[in-house]
Amino acid sequence: MFSRYLNKLRAMQARQTYFLPGILLLAVLLLLYLYGSWETNRQRTLSQLESLATVAQSNTRLLQQQLNSQLVSLQQNLPAQNPQNWSLWVRQQHKPHPLFSHIALYTADGQLLASSFDSAAPQQAPPALTRDGLDFMQQNPRFLRTLPVNKGYYLPYCLRTSHPSELVICLFTSTSHHYLQWQAVDSLEHSAQRLISSDGIILLASPLPVSRQQIIGTRISERQQQYLHLNSAEHTEKHFLYFSNQTEFDGAKRLGVVSFDPQSQLLQIISLPMASVLTLWLEDIVWPLLLFTLLLIVYWYSYRQSQKNVQQNEHRYSEESRALSEKEKIIDMLMSNIPGSIYQISLPEHLLDFISAGDLQIFSENDNNSVRHSLLALIHPDDQEKYLQEIDSHCTSGTPYKIIYRIQTLQHEVKWIMDRGQVVFNKQNPCRIEGLLIDITDHTLSKQHVEYLATRDPLTELFNRYYFNDELMNSIEELTPGSGKIALLFIDLDRFKTVNDSLGHQVGDRLLKLVADRLRHLVAPQHMVARLGGDEFIVMMNKPESSQEIEHLAERIISAVSQTYQLDYYKLSTSCSIGISVCPDDSNESYILLRNADTAMYQAKSRGGNCYQFYTEEMNQKVNSRLTLENELRRAVKNQEFELYYQPQVSTFDNRLLGAEALIRWIHPSAGIVSPADFIPIAEETGLIREIGDWALLEACKKFSEWNNTFALDMTISVNVSVRQLDDAFVLRTQEILNISQLDAKYLELEITESLLLDNVQENLRILDNINKLGVRFAMDDFGTGYSSLSYLKQFPISKLKIDRAFINEINNDPEDEAIVRAIIALAKTLRLELVAEGVENHQQLALLQALACDSYQGYYFSKPVPADVFRQRYLEQKPPLQKSLQQQ
Ligand SMILES: Nc1nc2c(ncn2[C@@H]2O[C@H](COP(=O)(O)O[C@H]3[C@@H](O)[C@H](n4cnc5c(=O)[nH]c(N)nc54)O[C@@H]3COP(=O)(O)O)[C@@H](O)[C@H]2O)c(=O)[nH]1
């Protein structure tokens, strides 16, 4: 659209530039035409004047001839002797004649003798002849100076006669005689005739205005005489042309023809006023002039129209230009905001014809834009082949394409580019590419970073579990029969939890990083090491040569991990347990391989750790039975398959019932009673312990509330609490249970295992304190088997120690056990803690405990754990005798 206006405007402007030269040309042509027509008209007028002059000359000659014959006749009639009265003779001779009106007779010196004019009135007689004419005349008749007579002018034609008196006879023709009065011919109106004697006297001027009559008979100016060559010897019969400067006669500018008649010695001038010449010329040119004017008007009109159109188009052009520049600004702005650069490339050279600035700074402002860069040269060498292959394929298909490659900018920056373009064809030949380059560097780098994060463990920067799983599955898929094996080495740090809990997570994290570094350096590049989480690592060995190679790596890992670690303020030692599974020997499924390696690792742990263990099928069976148990336990929770047994706690000295420990039993529908030793660990691992523990606590509290009330007792109930149950919710739950059961908090004692309590000291301490604030007391179970830290003992709100069965069992035979029990009793006394000895099975044990002043005991010696109704019936309804013996059992 815009270019159409522009082309139109240029064409119009071009046409306009021809207008002035056109006008000039027309003017020149007009001038040439005018000049030509003027010249033609002038020549024609002159030629007509020439013709008229010729006619006038012959008329004059004719007049002369006739006058000559009259003069000759008068001369012949002259009397030989001078008469008395010449006037009479003149009257006699004077006869009417068409060519002259009067006769006069002069003396040789020009004095008038007589005339046919009225002599009575002197002013009506011709004046004397001047000498100039007479001297010149000789014997030949000729016209003399025109004379004024009686208010008129007469042209005398005179003959110096051969009379002895040298008389001169003159015939007078009035200048107003019709013969002399110039008759303008039709073809040349307003022409005038002048007769001038050879000595420059104006003889006749016809027509002549009255005001100019006095010039008749006068001599023309010297300048005119020279002009007419009157004084030269060139008087031949030729023509002279007058132009507009001839104003001698009537003051009007004239164009005329001068002919000199040597015979009559007269100059005959035929002229036309310039005004008439001009009129004739104008008549000639009027139509062409009108035509030209019309042409000019049309030309001018079309010029004006064209000018108007030019102005209109200029206006439109400027409007369009403005709109275009606005659009350009918008497009520039849009282009600069486009997340990329629009480009055009010529094929096959791959030279950039155009590339918008956009936000893709491939070229700096200093780059010479006139230099056409090759996009191909900018593409990273590693990506060029891929780029060319793509372009080639799209040169055939012509479909839009999307290629991602790197470019090196002229500032040596590497950018990731998404190139979305299309090949453009010219007559089915690929000629160029048009497209959009989008800078996806940030996106690609962040994607790479995300991919890195997605595949890496943030702490150790080893591969993470997800990436490892993918790689394991891929490796298994690629494995073909006979092509080799894959070995998984499942690594778990021994007692890492203790490090974490005792030295804090920061130290634990640093230890994990150091372990990861050692693994990274140990494992060859064709293998892979990853962190599964926590203190679990895994190594995937790709196609190990033999089981020896696997063992060798496992040994090296164990050795490396067990080397001392130097942390800022700590020197730490740890070890690891490794479980090994092999594909395809142990499984072709990645998750089974992992599970098997895990199982084997647990086996290694159960062997004391710091060793490796290959997976065996038996391990799996064990795991399977455990899984079965887990499922059944879930069902048991759902179906309330539990029952509480109660084992009495009695005074060492008099068997007085002090309280009881609630011990859970699982009444399995088919297997019968299942020991808590078998299912509590699974309940703890699966989290089912919360539900089970809550149930046991509620049940025990309800039972003892009931029994204390019913039998007006002061009995304490001890309930085992797993450390997995300890959280803020448990505090609330305990309060709630006390409320529900209406048991006084002072009768509730919660048993906590020492070793487990120390796993998360601060948190556990806070929770125990909160429970203790309810009035609930705590007993430390299995005391002596764990760390037996005195500082913790002081910190925790413990009111009772339960001496572990392991020390009581051989107390009578093993002095060390006795010494330990003795120490525990002393400690409890010092700290003012109650004491219960567990697992008292015989009298000797009881006796020794009595000797050691242990307050109370619990054990088969007095009673095994019994169901509630048995407990009620046996120990509440029937009071047991003091110092009950073994026989009662
Ligand atoms: N978290 C919970 N743990 C519980 C609960 N109920 C029991 N348990 C724990 O299970 C473990 C095994 O308990 P159990 O099979 O009931 O064994 C207890 C006694 O029967 C046994 N005992 C008592 N006297 C003797 C004895 O003279 N000889 C002998 N061989 N065994 C005896 O000791 C177990 C009581 O131990 P403790 O709790 O440490 O006092 C056991 O660890 C229970 O704690 C529960 O509800 N929640």
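An unreviewed UniProt entry annotates the protein as EAL domain-containing protein originating from Thalassolituus hydrocarboniclasticus.

Q: Any chance you could explain helix α18 (residues 728-741) here in plain terms?
A: Quick reminder: α-helices carry 3.6 residues per turn. Residues three or four places apart thus point the same way. Its 14 residues give α18 an end-to-end C-alpha distance of 20 Å, which sits within 8% of 20 Å, the value for a rise of 1.5 Å per residue. Inspection of α18 places F730, V731, T734, I737, L738 and S741 among the buried residues, and these make up the whole buried set. Viewed end-on, α18 has its buried residues packed into an arc of 125°, placing them on one side of the element. Buried residues along α18 sit against α17 (689-711), β28 (748-753) and α20 (761-772). Between the side-chain oxygen of the N-cap and the backbone nitrogen of A729 there are 3.2 Å, and the N-cap of α18 in question is D727. In the stretch just after α18, Q742 is the one whose phi turns positive, near 60°.

Q: Any chance you could explain the pattern of salt bridges here in plain terms?
A: Pairs can form between side chains of opposite charge once their charged atoms are near each other. One pass over the structure, following the stated rule, counts 32 salt bridges. For R656, the salt bridge identified is with D654, shortest N-O distance 3.6 Å. A relative accessible area of 23% means that D654 is categorised as partly exposed. Shared partners join several salt bridges into a network, and the residues in it are E661, E751, K802 and E838.

Q: Please clarify how the nonpolar core should be interpreted in this entry.
A: General note: in soluble globular proteins, nonpolar side chains tend to be found buried as a group. Core analysis: the biggest nonpolar cluster contains 83 residues, and F642, Y646, I717, L748, L750, L801 and F871 have the highest contact counts within it. The element best represented in this core is α17, accounting for 10 residues. If sequence neighbours within four positions are ignored, L748 has contacts with L697, C701, I717, V719, T734, L738, L743, V776 and R777. Formed by 33 residues, the second largest nonpolar core is a distinct cluster that contains L462, L493, V507 and A554.

Q: I'm lost on the side chain of S651 in this one. Help?
A: Structurally, S651 is set in strand β24 (residues 642-651). Classification of S651 by relative accessible area gives buried; the value is 6%. In terms of polar contacts, S651 uses its side chain to reach the backbone amide nitrogen of F653, at 3.2 Å. If we ignore the near neighbours within four places in the chain, the residues touching S651 are R656, L658, D855, S856 and Y857.

Q: Can you help me understand the sheet that holds strand β18 (residues 528-533) in this one?
A: Strands belonging to one sheet form pairs held by backbone hydrogen bonds; the direction of such a pair is parallel or antiparallel. What the 5 strands build is an open sheet, ordered β18-β19-β17-β22-β23; its pairing is mixed. Unpaired on one side and paired on the other, β18 and β23 (612-614) mark the two borders of the sheet. Strand-to-strand twist across the sheet, computed as the mean angle between neighbouring axes with direction ignored, equals 20°. Pairing geometry for strand β17 (residues 486-493) and strand β19 (residues 536-542), over 7 bridges, is antiparallel. In the sheet register, F490 faces β19, and the bridge partner there is I538. Running over the sheet, helix α12 (residues 505-522) touches β17, β18 and β19 and is turned about 10° from β19.

Q: Can you walk me through the confidence of the model for the protein in this structure?
A: Parts of the model with low pLDDT should not have their predicted coordinates read in detail. On average, residues of the protein score 85 in pLDDT, and 91% of them are at 70 or above. For residues 883-889, every residue scores under 50 in pLDDT, and the model assigns this stretch 20 contacts once sequence neighbours within four places are set aside. Taken together, the chains of this predicted complex give a pTM of 0.46 and an interface ipTM of 0.95.

Q: Which parts of the structure should I look at to understand the site of the ligand?
A: Close to the ligand lie 21 residues, the nearest being E661, R665, R805, E838 and E841. The separation between a nitrogen atom of the ligand and a polar main-chain atom of I664 is 3.0 Å. The separation between an oxygen atom of the ligand and a polar side-chain atom of R665 is 2.8 Å. Those elements giving two or more residues to the shell around the ligand turn out to be β25 (657-668) and β29 (777-783). Here the shell around the ligand gets 4 residues from one element, more than from any other, and that element is β25. When grouped by side-chain class, the residues that make up the shell around the ligand number 6 nonpolar, 6 polar and 9 charged.

Procedures and definitions
Residues numbered from 1 in each chain as written. Predicted model: local features only at pLDDT ≥ 70, side-chain atom pairs only at ≥ 80, totals over all residues. Heavy atoms only, no water. Helix = DSSP H or I, 4+ residues; strand = E, 2+ residues; numbered from the N terminus. Expected span 1.5 Å × (residues − 1). Buried < 20%, exposed > 50% of the residue type's maximum accessible area, 1.4 Å probe, protein only. Arc of directions from axis to C-beta. Contact = heavy atoms within 4.5 Å. Polar contact = N/O pair within 3.5 Å; in protein donor to acceptor, adjacent residues only side chain to side chain. Salt bridge = Lys/Arg side-chain N within 4 Å of Asp/Glu carboxyl O. Core = buried A, V, L, I, M, F, W, Y, C linked by side-chain atoms within 4.5 Å. Pairing = 2+ DSSP bridges. Axes fitted to C-alpha atoms, helices over the stretch in contact; angles between N-to-C directions. pLDDT = per-residue confidence, 0-100. Near = heavy atom within 4 Å. Nonpolar A, V, L, I, M, F, W, Y, C, P; charged D, E, K, R; others polar.

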